[in-house]
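# Breakdown of the fold
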Amino acid sequence: EQSTGLVASMEAAAASRRSLLGRVLGPGRGPARFRTRPRLAARVGHREGSDLSDAAASAGPSTSSSPSPGPSPPARATEREGGVPLWRRIFRRRGDLKRLWSTVGVINEIGEGLRLASNEELREKTNEFRIRIAQGESLDSILPEAFAVVREASDRVLGLRHFDVQLLGGMVLHNGEIAEMQTGEGKTLVSTLPAYLNALTGKGVQVVTVNDYLARRDADWMGQLHRFLGLTVEVVQSSSTQSQRKRAYDADITYVTNSELGFDYLRDNMVLDASELVMRSELNFAIIDEVDSVLIDEGRNPLLISYQPEREGGSYHEASRIAAAMRAGLDYESDAKEKTVELTEDGMMAVEELLGSRGMWEGGSEWGRYVLDALKAKEHFVRDVHYIVRDGQVQIIDEFTGRVKPRSRWSDGIHQAVEAKEGLEVQGDQLVAASITYQCFFKMYGKLSGMTGTAATESEEFWETYKLRVVPIPTNKTCVRTDAPSLIYPTDGSKWEGVVGE
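Please read these numbers as outputs of a predicted model, since none were measured by experiment.

Moving on, we get to the packing of aromatic side chains. Applying the stated criterion across every chain, the model contains nine aromatic pairs. Relative to Tyr370, the ring of Trp367 lies with its centre 5.8 Å away and its plane at 70°, an arrangement referred to as edge-to-face. Linking Trp367 with Tyr370, this pair stays in helix 16 (residues 367–380), spanning three residues, or about one helical turn. Relative accessible area serves as the criterion here: at 24%, Trp367 is assigned to the partly exposed category. Owing to a relative accessible area of 6%, Tyr370 belongs among the buried residues under this scheme. Measuring from ring centre to ring centre gives 6.1 Å for Tyr438 and Phe442, while their planes differ by 35°; the resulting arrangement is tilted. In this pair, Tyr438 and Phe442 both sit in helix 18 (residues 438–442), four residues apart, roughly one turn of the helix. Residue classification places Tyr438 among the buried residues on the basis of a relative accessible area of 3%. The structure contains a cluster of three or more aromatic residues connected by ring pairs, namely Tyr265, Tyr438, Phe441, Phe442 and Tyr445. The lysine or arginine in question, Lys339, covers the ring of Phe381, its NZ or CZ lying 5.2 Å from the ring centre.

With 52 residues, the main nonpolar core has Phe147, Tyr196, Leu197, Leu229, Ile253, Tyr255 and Ile473 as its most contacted residues. Ranked by the residues each element gives to this core, the list is headed by helix 6 (residues 139–157), at nine residues. With sequence-adjacent residues up to four places away left out, Leu197 is seen in contact with Leu139, Ile142, Leu143, Ala146, Phe147 and His174. Listed in part, the 31 residues of the second largest apolar core include Ile178, Val278, Met279 and Ile288.

What counts as what
- Residues numbered from 1 in each chain as written.
- Predicted model: local features only at pLDDT ≥ 70, side-chain atom pairs only at ≥ 80, totals over all residues.
- Heavy atoms only, no water.
- Phe/Tyr/Trp six-rings, centres within 6.5 Å; stacked < 30°, edge-to-face > 60°.
- Helix = DSSP H or I, 4+ residues; strand = E, 2+ residues; numbered from the N terminus.
- Buried < 20%, exposed > 50% of the residue type's maximum accessible area, 1.4 Å probe, protein only.
- Lys NZ or Arg CZ within 6 Å of the ring centre and 35° of its normal.
- Core = buried A, V, L, I, M, F, W, Y, C linked by side-chain atoms within 4.5 Å.
- Contact = heavy atoms within 4.5 Å.

Below, the structure is given as C-alpha cells:
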C-alpha cells in the first residue's frame, strides 16, 4: 500500500507538470522528453494492455482536466482506453499470485487429512465431486479438494507428489491462462490437476501435445493417475481409425496432437451422416503443451484437406523445364522470406518464346500459374531441407519438428511443381475442400490454457490474439544457473570455431 501510494503521488506530480507545460506552451508542444510520437504511443498502449485482466479491459476512457483546442495530442499509454500503468500491472500480478498462494495453503491442509484415506475413499471422491457439480456447485469451489485428491493419488500411483509451485501452475491453467514454467519444473504433472477438475463436468478435456510420441507417453504415464481416480483416458494417434478416434474423444480426458485435433475437426465438418462424427459437439477445455509453438509459431498456418479433380502432369513437367531455363534477377524476382516469385517483363517474354505462344498473357492463360509454381519449387523448396524423395514420392519435412509427414501435401500446385522438378510422376492437382488455422480453431474452445517455458516474449501477441494472460510460475528451488549472454556469429564457420573454443 505504501508503494502504491508513493507511485500514485509521483504520477500525480508528473501529470501536474505536464498540465502546466500544456497551458504555457500550447497543445502538442513542450520539451522532447514530454512528447510522445503517435505511432509509438499506440504501440506502447498495446504492449501495456497485452496481459490485462477482464477488469482492466472494462475500464472506461480517461478524461483530462485541461481541454485543448483542435486535435488532441497523443494520449499517454497509461491513460489510453484499456491501458494500465506498468506499476499497476506488476502489483496486480503479485496480488493474483498472493491469492493463489493462499489457496495452496488450503490444499495443503486438506491434503494432510487425505493421507489417512484408503484408495477406495480417494476414488469415491470423484463421484462425490460429480454429484456436487450436478447440484450446482462450481468448479472453483471444488478446486482445493480436487487438487488435494489428485496430489495424494499421484503420490500413491506415480510416486510423484506435486510441489506447491505446481499447484500454483495448475490453478493458472484452470483459470484459462498460460503458465510459464521453466524446463524441468514438471509441466506434464501440472496438467493433471486442471485436466481432472474440468473432466468432472463430463464435457471432455483435450490435452494437446506437439507429436504422437508425447501424446502416447503422457496418456500412458499420466493416464494411470486419472484411471485410478475413475476417469476414462484415451489417446489419438495419426494411425488411429475412425472408431478409435470416436472412443478417444468420448473419454473424459483425451491426449492428442494439435494437427490430429485440427484435422478431425475439419473431417467432422465434411461428413454427410451424423454417425460418422468423431468429436464432441462442444469444444470444452484444452490444455496446450508448448503453447507458444502451437498458437504463435504455427498459429496462422492453415490446415488443409484437399482432393484431386484431374491429372495435369504434362503441364507441370513443361513448366519445370521452362523454370530451369530462366534466370533469377533477370527473368524473375524472388523473395525468400515470403516465398514468392514475380516475373519481370523480360521473363514474361521468355516464357512466350519458350512456349512458342505470343500474346498468351492477354488471354488469361493457365500457363502463368504453372510457371510461377515451378519457379517457387525451384527457388524456395530445397530437397533434404523442405522435403525428401522416398519410394518415388515427395514427402514433406515438418519445419518445426524435423519429422517426415508422409501423408501431407502442399497446396495450390506447389507439391505437383516439386514432383515435376524431381522428375517424378505428378500425382494430380489439389483443390482445397476444407481449411482452418490453429488460431481460428482454438478460439472456439470455451476455455483455453497452455504451458511453456518461453511465453513472456510473446505475451503481447497472446493477449491481443487470444486474450490469454501469461503468468510466470516461480521455480520450486532457487535457480543457481548462471545465464550467459547469447553469442552471435556472422557465419557458420565462425560459430563452430567458437563451439570448439568453448
